[in-house]
Amino acid sequence: MGRKLDLSSAFERARELFMDNLQLLLAVAGVFFVIPQLIVGFMTANAQQLDTLLEGATKIEDFVEAFLVIYQQYSLWFILLGIVTFVGTLTILVILLDKTRPTVGQAIGIAFSLLLFYFLLSILTGLATFIGFMLLILPGFYFAIKFCLAPPIMVAEKVTNPIEAMKASWNLTKGNSIMIFVYLLIIGIVLFVVSLLVEGIAGLLGETIGLVVSSLFGGVVTAFNTAITVGLYQELRGPMTEDLTDTFG
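Scoring rules and cut-offs
- Position numbers for residues count from 1 along each chain, tracking the sequence in the order it is written.
- Given that this is a predicted model, residues contribute local features only at a pLDDT of at least 70 and side-chain atom pairs are listed and counted only at 80 or more, while totals for whole chains, interfaces and linings are drawn from all residues.
- In computing side-chain values, all of the structure's heavy atoms are included and hydrogens and water are not.
- Numbering of helices and strands runs from the N terminus, with a helix taken as a DSSP run of H or I at least four residues long and a strand as a DSSP run of E at least two residues long.
- Exposure categories follow from relative accessible area, calculated using a 1.4 Å probe and restricted to protein chains: below 20% of the type maximum is buried, above 50% is exposed, and the middle band is partly exposed.
- A contact between two residues is defined here by any heavy atoms of the two lying within 4.5 Å.
- Polar contact is defined as a pair of N or O atoms within 3.5 Å, subject to the rule that within protein one atom must be able to donate a hydrogen and the other to accept it, and that residues adjacent in sequence are counted only when both atoms are side-chain atoms.
- As a per-residue measure, pLDDT tells how confident the predictor is, with possible values from 0 to 100.
- Any Lys or Arg side-chain nitrogen found within 4 Å of a carboxyl oxygen on Asp or Glu counts as a salt bridge.
- The rule is short: rings of Phe, Tyr and Trp, with Trp giving its six-membered ring, pair when the centres are within 6.5 Å, and they are stacked under 30 degrees, edge-to-face over 60, tilted in between.
- A helix is expected to span 1.5 Å for every residue after the first.
- Two kinds of site are reported from a 1 Å grid over the protein atoms alone, namely cavities, where a 1.4 Å probe fits but cannot get out, and pockets, open sets with protein on both sides within 12 Å along at least five of seven lines, and residues are called lining when an atom falls within 4 Å of a point.
- Grid points are joined across faces, edges and corners, and a volume is the space filled by probe spheres set on the points.
- Polar here means any residue other than Ala, Val, Leu, Ile, Met, Phe, Trp, Tyr, Cys and Pro, which are nonpolar, and Asp, Glu, Lys and Arg, which are charged; Gly is therefore polar.

What to know about unusual backbone geometry
Excluding glycine, residues mostly have negative phi values, and the peptide bonds linking residues are mostly trans. Its identity is not glycine, yet Arg-101 carries a phi of approximately 55°, on the positive side. Within the secondary structure layout, Arg-101 lies in the loop between helix H5 (75-97) and helix H6 (104-136). A positive phi angle is found at Lys-158, which is not glycine, with a value near 55°. Among the structural elements, Lys-158 can be located in the loop between helix H8 (150-156) and helix H9 (162-172).

In structure tokens:
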């Protein structure tokens, strides 16, 4: 069972992790988040077909159909973007959690070794969350919270079995699910408001510069959100003296 969550301590852990590793995190974010987003952004920005497809669209189905057409047109690039993002997220987790203090190159190597396991974990947690939302919405939020610490557990404790990582996350969040939800909700709202301001400024700078600003901000936010998750994990895990993978609590 996890410890009682101290939100201020969890945030302070995340802040220290982010600031202490800022240069490394920004470098990783630039390579794995910003540059790929810029490439895809410039490509899709030139997709004049989207404007044509959206012309006269009034129903949600029309918008979904339009974006599906664009997704099919650039599906390979979106898939590659997803893979690169996975590697980037894993690399940041390794940098923040691996006690051997690996170099960026070593962290990337470790990330690639975990990529398949992390991919399977993402499918399983995503599927569980999706089913939860299909049931009554609230179970979706519950599953998302219960499994949110599975990625840092996989990296920090070398639990490559996705099911075991999910079990450990389930047990580690026991008794703190509501607090975690509130914590992540507050951070999400703050980042959303800031992102609106950034997007507003980016929109005034022209299409190209605006896309660069948005991508840079998105990369920093992704790195920061990963640090937030690691801070939660470290605060709840404490000294590793118990096995969290035995049962779903």
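Alright, that's what it looks like, and here's the rest.
A closer look at H9
Buried residues dominate H9, accounting for nine of its 11 residues. Buried within H9 we find Pro-162, Ala-165, Met-166, Lys-167, Ala-168, Ser-169, Trp-170, Asn-171 and Leu-172. Buried residues belonging to H9 abut H6, helix H7 (138-146), H8 and helix H11 (207-237). The N-cap residue of H9 is Asn-161: its side-chain oxygen and the backbone nitrogen of Ile-163 are 2.9 Å apart.

Brief notes about the environment of Leu-93
Residue placement: Leu-93 occurs in helix H5. For the pair Leu-93 and Pro-151, spaced 58 residues apart in the sequence, the C-alpha separation amounts to 8.0 Å. When neighbours within four sequence positions are excluded, Leu-93 is seen to be in contact with Asp-98, Pro-151, Pro-152, Val-155, Thr-226 and Val-230.

Quick look at the confidence of the model for the chain
Chain-level statistics for the chain give a pLDDT mean of 86 and a share of 83% at 70 or above. Averaged pLDDT values over the elements of the chain bottom out at 54 in helix H3 (residues 48-54) and peak at 97 in H8.

Digging into the pattern of salt bridges
Within this structure, the stated rule accounts for four salt bridges. Among the ionic pairs, Glu-235 bridges to Arg-13, the shortest N-O distance being 2.7 Å. Highlighted residues: Glu-235 in helix H11 and Arg-13 in helix H1 (residues 7-20), separated in sequence by 222 residues. Glu-235 gets classed as buried once you look at its relative accessible area, which sits at 7%. You can call Arg-13 partly exposed: its relative accessible area is 29%.

Points about the packing of aromatic side chains
A complete count under the given rule lists 11 aromatic pairs for this structure. Relative to Phe-224, the ring of Phe-11 lies with its centre 6.5 Å away and its plane at 70°, an arrangement referred to as edge-to-face. Of this pair, Phe-11 sits in helix H1 while Phe-224 sits in helix H11; the two residues are 213 residues apart in sequence, bridging distant segments of the chain. Taking relative accessible area as the criterion, Phe-11 reaches 35% and is therefore assigned partly exposed. Seen in terms of ring centroids, Phe-143 and Trp-170 are 6.3 Å apart; in terms of plane orientation they differ by 35°. Their pairing is tilted. With a gap of 27 residues between them, Phe-143 in helix H7 and Trp-170 in helix H9 connect regions that are remote in the sequence.

As for H11
Over its 31 residues, H11 runs 44 Å from end to end, which matches the ideal 45 Å to within 8%, given 1.5 Å per residue. Two residues or fewer after H11 comes Gly-238, characterised by a positive phi angle close to 60°.

Describing the layout of surface pockets
There is about 550 Å³ of room inside the largest pocket. Among the elements of the structure, H5, H6, H7, H8, helix H10 (177-204) and H11 are those that each provide at least two residues to the lining of the largest pocket. It is H11 that provides the largest number of residues to the lining of the largest pocket, a total of five residues. A breakdown of the residues in the lining of the largest pocket according to their chemical character gives 14 nonpolar, seven polar and no charged.

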